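Here's the letter readout for the chains.
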Amino acid sequence: MTPEQAQNEIAELTQKINYYNEKYYQEHISEISDYEFDMLLNKLIDLEKQFPQFTQPDSPTQRVGGGITKEFLTVTHKRPMLSLSNTYNEQDLRDFDERIKKTLGDAPYEYICELKFDGVAMSLHYENYLLTTAVTRGDGEQGDDVTTNIKTIKTVPLKVHSQKLPPNFEVRGEVVMPHESFDRINDEIAKENEQREKEGKKPLAFLANPRNATSGTIKMQDSSVVAKRNLMFYGYDFLADNQAFITHEESLKALKEAKFNISTDYVKCKNIDEVIDFVNRWETKRYDLPMDTDGIVVKINDYSQRETLGFTAKSPRWAIAYKYKAEVASTILESVVYQVGRTGAVTPVANLKPVKLAGTTVKRATLHNANEIARLDLHQGDTVFVQKAGEIIPQITGVDMSKRPQGVAPIHFIENCPECNTQLIRKEGEVAFICPNEKGCPPQIKGKMEHFISRKAMNIDSLGEKTIETFFQAGMIKTVADLYKIKKEDILTLEGFKETSANNILAGIETSKQKPFKNVLFGLGIRFIGETVAEKLANFFKSIENLQKASLEELTTAPEIGEKIAQSLIEYFKDEDNLRLIEELKKAGLQFTMQEEDKPQLSNKLEGKTFLVSGVFANFERDEIKNVIEAHGGRVLSGVSGKLNYLIAGENAGGSKLEKAEKLGVQVISESQFLEMIK
Ligand SMILES: NC(=O)c1ccc[n+]([C@@H]2O[C@H](COP(=O)([O-])OP(=O)(O)OC[C@H]3O[C@@H](n4cnc5c(N)ncnc54)[C@H](O)[C@@H]3O)[C@@H](O)[C@H]2O)c1
Ligand SMILES: [Zn+2]
């Protein structure tokens, strides 16, 4: 590269990055992915290193990206609030470790690895143990005073009781929006927009992602709206004029004791290999968390060592962020097709011009539902960004507006079922459009049959999706009851079926008649009746007749059966066709009564005791542990209450459950203590 080229490129990159920063921090909009942004920034850093003479005075490599606004009081930070240097690869972590080693000489050191919450940085000031101000990071020197908004966050203590913390101090942390609030708000916007459409008003914009939603929320003028958005605060740094602690870990523990919301998912590492282990462990595990994280922050534990290491203009030298790559590519949207599922839910799927992404070729991306199409404001022929982040099906994260062809039409969700042409409906409070033609819509009929023969239902493995399709096309089966009427001659008339395969199929169907009642009940595919619910119902009501007779009230007295499930059962049994189907299946010899031996009983060691399980277990799947409790005579409850005897806490057990259990004096036990109980 000639110096002239470098100069031009540096100028261009500087301008581009400053533009994206402005959008991101002031307007809460990401026009490109974080990864693409970071790659641009890295390129600029490299060029400035080679050609320092061309570094611009407003270079984004020299300062923190945010800014301050006119809407709030400006506060100057007592101590600058910096960014973190970041990386997407292991080698950079090792290089970081080498630099640390070199600066610290021979001294031993430890790292603390924390989750990197993807939200907005916030500094909380306490004076005499009272929260006085909450300030955004802003440009690192000055931030916005958003105290009133932050006071609405339940996880921020307004008054602190602590022997370990000095009376005046600062806590820094991340404000995040949990997925649950994010989804709820977008659902509300969708509803509001339906009304607006009727009134001919312009629709409201959807929240793009939880991070941008958080930053928009924090800058709102009406704190009563902020309060409704259920933001959370995670503390990760303690500062005071005279440092009260020797290590970062001590400060985290003291903050936690003082009732600050401190994530317990941090570890102390002796070397960089342990750090890399932690990074790898969380790569996919993080998707189970109720909020977004975008990486791991690695920090030196000892405060005096931090002092030795110091800061650059933009970030501390004693910390680094490892960011997970949500790989992104851009490609052309060729068409949107609609798939009808077993339950009638219609899912839009984007067909894409094939593009390489995270090692595979991507041709399709899910669009989830109609809201998503509206949120993205998709038009025919758009160039879109696709991302693969843990999920198997890639997602479209945005549209490259600069590449939108002129005069193209927006994409509207279809109004009629693509399979049976019935007009689609949307149930109250649900986002998905569904085809209501349950009994006449081919994918729904076939879906019901596939569900019926599946492993956890009737387990007829001599039949598969393909055979069902063939039988259905040939007009041999219209309902699952027809399966039991199939004759060998019928099968042999079909192309590709021989004596042995026909015998096989019939034998499988015959054996299924012995499947216990709970499997049959699950196999019927009644809305909201999953495998566990079917088992609960079978155990409680013992026969289909009892279940059919039960009133709404009686149904809800059964363990863990709520209004929604009860209502669905009532509706199911109201339908003549369903009753006829059950009669036919009974005639065919299927089990509609529970046999005592259906329920495995291992012991009565837990007789009369109640349990709740929370978190992840080493020896059991979550449902499995519930079955084991019941097999030993115990009962499983669905929430923490005075009736609860034991809470079995696995890894990542819910904090609020634990807290409530503690308050109510419920005994919290570990997985191994539980194993002891049933030994
Ligand atoms: N897509 C875009 O258009 C666009 C534009 C600008 C910036 N960005 C993104 O934002 C980044 C720059 O933002 P940044 O300067 O806030 O850096 P950053 O988000 O990469 O890292 C620093 C921040 O991490 C947060 N953090 C979360 N958990 C933490 C923990 N446990 N300990 C310490 N800090 C923790 C803090 O808020 C801290 O300020 C860019 O790298 C890019 O990914 C994207
Ligand atoms: Zn249909």
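Per chain, residue numbering runs from 1 following the sequence as it is written. The naming scheme follows written order: chains are lettered A onward, ligands numbered 1 onward. Local features in a predicted model are, by the rule used here, given only for residues with pLDDT of at least 70; side-chain atom pairs are given and counted only at 80 or more, and totals for whole chains, interfaces and linings are based on all residues.

Moving on to the overall build of the protein chain. Helix and strand definitions here come from DSSP, where helices need a minimum of 4 consecutive H or I residues and strands a minimum of 2 consecutive E residues; each element is numbered from the N-terminal end. Assigned secondary structure in the protein chain consists of 24 helices and 22 strands. Three exposure classes are used, based on other C-beta atoms lying within 10 Å of a residue's own C-beta, which is placed from the backbone: buried for 20 or more, exposed for 12 or fewer, and partly exposed in between. Looking at the 679 residues of the protein chain, the share that counts as buried comes to 31%. Contact definition: two residues whose C-beta atoms, as placed from backbone geometry, lie within 7 Å. Here the analysis covers contacts within the protein chain between residues at least 6 apart in sequence; of these, 68% occur between residues at least 24 apart.

Attention now goes to the site of ligand 1. Think of it this way: take the backbone, place a C-beta atom on it, and check whether that atom is within 6 Å of the molecule or strand, in which case the residue is near it. Residues in contact with ligand 1 amount to 24 residues; listed here are only the nearest, Tyr 24, Ser 30, Asp 34, Ser 83 and Ala 121. Listed by contribution, the elements that provide at least two residues to the shell around ligand 1 are helix H1 (3-26), helix H2 (34-50) and strand E3 (111-117). Any residue outside Ala, Val, Leu, Ile, Met, Phe, Trp, Tyr, Cys, Pro, Asp, Glu, Lys and Arg is labelled polar, Gly included; the first ten of those are nonpolar and the last four are charged. When grouped by side-chain class, the residues that make up the shell around ligand 1 number eleven nonpolar, six polar and seven charged. Domain start and stop points were drawn from an automatic or database domain assignment. Both domains that furnish three or more residues to the shell around ligand 1 are identified here as domain 1 (3-54) and domain 2 (83-323).

Take the sheet that holds strand E9 (residues 267-269) next. Reading across the sheet, the five strands line up as E2-E11-E10-E3-E9 and stay open at both edges, with mixed pairing between neighbours. The sheet terminates laterally at strand E2 (86-87) and E9, the two strands that pair on one side only. By definition, two strands form a pair when at least two bridges between them are found by DSSP. Sheet topology places E2 next to strand E11 (residues 319-323); two bridges connect them, and they run parallel. Bridging across to E11, Asn 86 finds its partner in Ala 321.

Direction vectors running N to C along helix H12 (residues 442-453) and helix H13 (residues 465-473) enclose 135°, while the axes themselves pass 10 Å from each other. Between H12 and H13, the interaxial angle falls into the category oblique. The two elements H12 and H13 cross, and the hand of that crossing is right-handed. Residue-level contacts link Lys 446, Met 449 and Glu 450 of H12 to Glu 465, Ile 468, Glu 469 and Phe 472 of H13. Across the contact of H12 with H13, the residue classes break down as three nonpolar, no polar and four charged. Helix axes are fitted only over the stretch in contact, all axes being lines through C-alpha atoms; the angle between N-to-C directions runs from 0 to 180 degrees. Roughly parallel here means an angle under 35 degrees, roughly antiparallel means over 145, roughly perpendicular means 65 to 115, and every remaining angle is called oblique. Two helices that cross are described as forming a left-handed crossing if the nearer one is turned anticlockwise from the farther one by less than a right angle, and a right-handed crossing if clockwise.

This paragraph deals with H1. Between its first and last C-alpha atoms H1 spans 34 Å; for 24 residues at 1.5 Å apiece the expected length is 34 Å, and the two agree. On its buried side, H1 packs onto H2. Here a helix's expected span is defined as the number of its residues, less one, multiplied by 1.5 Å.

Right, let's talk about the nonpolar core for a bit. Any set of buried Ala, Val, Leu, Ile, Met, Phe, Trp, Tyr and Cys residues joined through C-beta atoms within 7 Å is what this text calls a nonpolar core. Formed by 54 residues in total, the largest nonpolar core has its most connected members in Met 122, Val 175, Val 176, Ile 296 and Val 298. Those residues in contact with Val 176 that sit more than four places away from it in its chain are Phe 117, Asp 118, Gly 119, Pro 210, Thr 214, Leu 231, Met 232, Tyr 234, Met 291 and Asp 292. With 45 residues, the next largest nonpolar core counts Cys 435, Val 480, Ile 491 and Leu 547 among its residues.

A few words now on the confidence of the model for the protein chain. Keep in mind that low pLDDT regions are not for reading the predicted coordinates in detail. One confidence number per residue, pLDDT, is output by the predictor and ranges from 0 to 100. Predicted confidence across the protein chain gives a mean pLDDT of 91, with 98% of residues reaching 70 or more. For this predicted complex, the interface confidence reaches an ipTM of 0.95, while the overall pTM sits at 0.61.

Unusually for a residue other than glycine, Asp 377 sits at a positive phi of about 55°. Structurally, Asp 377 can be placed in the loop between helix H11 (370-376) and strand E15 (383-388). A tally of 16 C-beta atoms within 10 Å means that Asp 377 is categorised as partly exposed. Its identity as a non-glycine residue notwithstanding, Asn 421 has a phi of 65°, on the positive side. Within the fold, Asn 421 resides in the loop between strand E16 (395-399) and strand E17 (425-426).

So, on to the environment of Val 175. Position of Val 175 among the secondary structure elements: in strand E7 (residues 169-176). By the C-beta count within 10 Å, which is 26 here, Val 175 ends up buried. Residues contacting Val 175, with those up to four places away along its chain left out, are Gly 119, Val 120, Met 122, Ile 153, Thr 214, Ile 218, Leu 231 and Phe 233.

Let's shift gears to the sheet that holds strand E5 (residues 130-136). Strand order in the open sheet made by the four strands is E5-E4-E7-E8, with antiparallel pairing throughout. A strand with exactly one partner marks an edge of an open sheet, and here the two such strands are E5 and strand E8 (232-239). The sheet shows a mean angle of 30° between the axes of neighbouring strands, taken without regard to direction. Bridging between strand E4 (residues 120-127) and E5 involves six bridges; their strand directions are antiparallel. Residue Tyr 126 lies in a different strand from E5, and its bridge partner there is Leu 131.

UniProt positions are given in the numbering used here, feature names are shortened, and annotations may be inferred rather than shown by experiment. Summarizing the sequence annotation, UniProt attributes the feature "binding site: Zn(2+)" (unreviewed entry) to Cys 417, Cys 420, Cys 435 and Cys 441 in the numbering used throughout. With the annotated positions falling across 25 residues, the maximum pairwise C-alpha distance of 8.6 Å places them together in a single cluster. Note that Cys 417 resides in the loop between E16 and E17. Using a count of 24 C-beta atoms within 10 Å as the deciding quantity, one classes Cys 417 as buried. If we ignore the near neighbours within four places in the chain, the residues touching Cys 417 are Val 340, Thr 422, Leu 424, Cys 435, Asn 437 and Cys 441. Topologically, Cys 441 is positioned in the loop between strand E18 (433-434) and H12. When near neighbours in sequence (up to four residues on either side) are disregarded, Cys 441 contacts Val 340, Gly 344, Cys 417, Glu 419, Cys 420, Thr 422 and Cys 435.

Mapped onto the secondary structure, Arg 63 falls in the loop between H2 and strand E1 (74-76). In sequence terms Arg 63 and Gly 140 are 77 residues apart; their C-alpha atoms lie 7.8 Å from each other. Leaving out residues up to four positions away in the same chain, Arg 63 has contacts with Asp 139, Gly 140, Ala 313 and Lys 314.

Those residues carrying the UniProt feature "binding site: NAD(+)" (unreviewed entry) are Asp 34, Tyr 35, Glu 36, Phe 37, Asp 38, Ser 83, Leu 84, Glu 114, Arg 137, Glu 174, Lys 299 and Lys 323 in this numbering. Along the chain, the position of Phe 37 falls in helix H2. When the 19 C-beta atoms within 10 Å are taken as the criterion, Phe 37 is described as partly exposed. The contact partners of Phe 37, leaving out residues within four places of it in the chain, are Tyr 20 and Ile 32.

Bringing the packing of H1 against H2 into the picture now. Contact geometry for H1 and H2: axes closest at 10 Å, N-to-C directions at 145°. Here the hand of the crossing between H1 and H2 comes out left-handed. Counted together, Ala 6, Glu 9, Ile 10, Leu 13, Thr 14, Lys 16, Ile 17 and Tyr 20 of H1 and Phe 37, Leu 40, Leu 41, Lys 43, Leu 44, Leu 47, Glu 48 and Gln 50 of H2 form the full contact between these two elements. Split into classes, the residues belonging to the contact of H1 with H2 amount to ten nonpolar, two polar and four charged.

So, on to the pairing of E3. Within a regular strand, side chains alternate between the sheet's two faces. Judged by how many residues are buried, E3 sits mostly within the fold: seven of seven residues are covered. Bridging between E3 and E9 involves three bridges; their strand directions are antiparallel. In the sheet register, Cys 113 faces E9, and the bridge partner there is Val 267. Pairing of E3 with strand E10 (residues 293-300), which is carried by seven bridges, proceeds in the antiparallel orientation. Along E10, the bridge assignment pairs Leu 115 with Ile 296.

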